[in-house]
Amino acid sequence: MQHLSTDALTALALGESDASAEHLATCAHCRAEVSSLRDAADRFRAADVSPVEPPAAVWDRIAADIAALDEPAAAPIAQPAMPATRAVASTRSPDVARRRRFSGRALIAACAASALVAASLAVLLVTQLGGGPRSIDVAGAVLEPLGSSVAPARAEVIERDGQRLLVVDADALPTVDGYLDVWLLDADAQQMVSLGVMDAASTELALPADLDLAAFPVVDVSVEPYDGDPTHSGASIWRGALEL
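Now for a quick tour of the structure. (Residues numbered from 1 in each chain as written. Predicted model: local features only at pLDDT ≥ 70, side-chain atom pairs only at ≥ 80, totals over all residues. Heavy atoms only, no water.)

Within the open sheet, the 8 strands sit side by side as β5-β4-β7-β8-β1-β2-β3-β6. Their pairing is antiparallel. Whereas interior strands pair on both sides, the edge strands pair on one side only; in this sheet they are β5 (192–197) and β6 (202–206). On average, each strand axis in the sheet is tilted by 25° relative to the strand beside it, whichever way the strands run. Summarising the sheet, strand β1 (residues 135–145) and strand β8 (residues 236–241) pair through 2 bridges and their orientation is antiparallel. Opposite P145, over in β8, you have W238 as the bridge partner. (Pairing = 2+ DSSP bridges. Helix = DSSP H or I, 4+ residues; strand = E, 2+ residues; numbered from the N terminus. Axes fitted to C-alpha atoms, helices over the stretch in contact; angles between N-to-C directions.)

So, in C-alpha cells, the structure goes:
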C-alpha cells in the first residue's frame, strides 16, 4: 500500500488539510502516524510552561525566507547555448518549489498559534519525520468476517522504534456479549498466542520480541465472555493470514 508523504502527514497533523481523508479511512498505518503527531502537539499545547521568545535574528531569518517565496522570478540572463544533456541535468523539479511553498505555509500557521507551539512542532516534525520513516511495514492481512454481522477488517504488522506492533483496523467495533480478544494462531489453528484486548476500532498491540510470525501467521479476533477463563472461547469474529 502506498502511504502518505511526509508533507501530507505534516499538513494533517497541523490541521491544514483534509484532502487525504479517504486514504486515512483505509490505512491504519497513516492514521496512526497522524494520530501520534496530533497527540504530541496537544500535549505540548497543554503543557504548563512559559513560551520563550527566540532571538530577533531567528524571526528576521524566517520573515526573509517567507518573503523570498513570493518574490517574482528575475528575468533570465541570456547564456550561451549548452548541450542538451547539461540543460536537462540542471533543470529544477517543480516539486521543489511546491515543497518550499508548503513549508512556508505550515511555518506561518505554527508561528501564528504561539511561539511555544511553533518551537515544539518544529522539534516534533524534525525528530519524527525528518529523520526518515518512523514505522516500517512488515506484513498485512485482510480479516474476513466469520459471520454476517460485521464487515471485513484489516491487520498490519509494523515496526516502530525497534518495537513490532500489530495494528487491527475495523470500520467500527461490533456490539458483543463480552469483549474482543486478539490472537495469533499457527497455520492449523492448534497453537495460539493472546496479544490483548481490541478496545477501539483501530487498536495497536505490541508483539513479543521473540515471536516468530512465520510460525504464527494467522490473526484472529474472538468474542470472549467475562468468565475469567484466559483460553480462546472458540467464537471468532474475524480471521486472516498475514502476507509476510
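If you walk through the whole model with that rule in mind, you get 4 salt bridges. The salt bridge involving E33 is made with R160; its shortest N-O contact spans 3.9 Å. Of this pair, E33 sits in helix α3 (residues 28–46) while R160 sits in strand β2 (residues 153–160), and the two are 127 residues apart along the sequence. On the basis of relative accessible area, R160 is assigned to the buried category, the value being 14%. Residues R160 and E204 are paired through a salt bridge, measuring 3.3 Å at the closest nitrogen-oxygen approach. Within this pair, whereas R160 is found in strand β2, its partner E204 is found in strand β6, the two being separated by 44 residues in sequence. Taking the relative accessible area as the measure of exposure, E204 reaches 35% and is therefore partly exposed. (Salt bridge = Lys/Arg side-chain N within 4 Å of Asp/Glu carboxyl O. Buried < 20%, exposed > 50% of the residue type's maximum accessible area, 1.4 Å probe, protein only.)

This paragraph deals with the environment of V138. With respect to the element layout, V138 can be found in strand β1. For the pair formed by V138 and L165, sequence separation is 27 residues and the distance between their alpha carbons is 9.4 Å. Apart from residues no more than four positions distant in its own chain, V138 is found in contact with V157, I158, E159, L213, E243 and L244. (Contact = heavy atoms within 4.5 Å.)

The side chains of a regular strand alternate, first on one face of the sheet and then on the other. Counting buried positions along β2 gives 6 out of 8 residues, so the element sits mostly inside the fold. Direction of pairing for β2 relative to strand β3 (residues 163–169): antiparallel, over a ladder of 7 bridges. Residue pairing in the sheet places R154 in a bridge with D169 of β3.

Attention now moves to helix α1 (residues 6–13). By the criterion of burial, α1 is predominantly enclosed, with 6 of the 8 residues buried. Here α1 has its buried residues at A8, L9, T10, A11, L12 and A13. Positive phi shows up at G15, right after α1, with a value of about 75°.

This paragraph deals with unusual backbone geometry. Trans peptide bonds make up most of the peptide bonds, and negative phi angles are found at most residues other than glycine. The backbone of D161 shows a phi angle near 50°, a positive value even though the residue is not glycine. The exposure class of D161 is exposed, given its relative accessible area of 70%.

Our focus in this paragraph is the nonpolar core. By size, the foremost hydrophobic cluster in this structure holds 26 residues, and its most contacted members are L143, L166, V182, L184, V221 and W238. Of all the secondary structure elements, the ones that give two or more residues to this core are β1, β2, β3, β4 (179–185), β7 (218–224) and β8. With residues up to four places along the chain from it excluded, the contact list for L166 reads A155, E156, V157, V182, L195, T203, E204, L205, L207 and V219. Membership of the second largest hydrophobic core comes to 8 residues, among which are A8, L9, L24 and C30. (Core = buried A, V, L, I, M, F, W, Y, C linked by side-chain atoms within 4.5 Å.)

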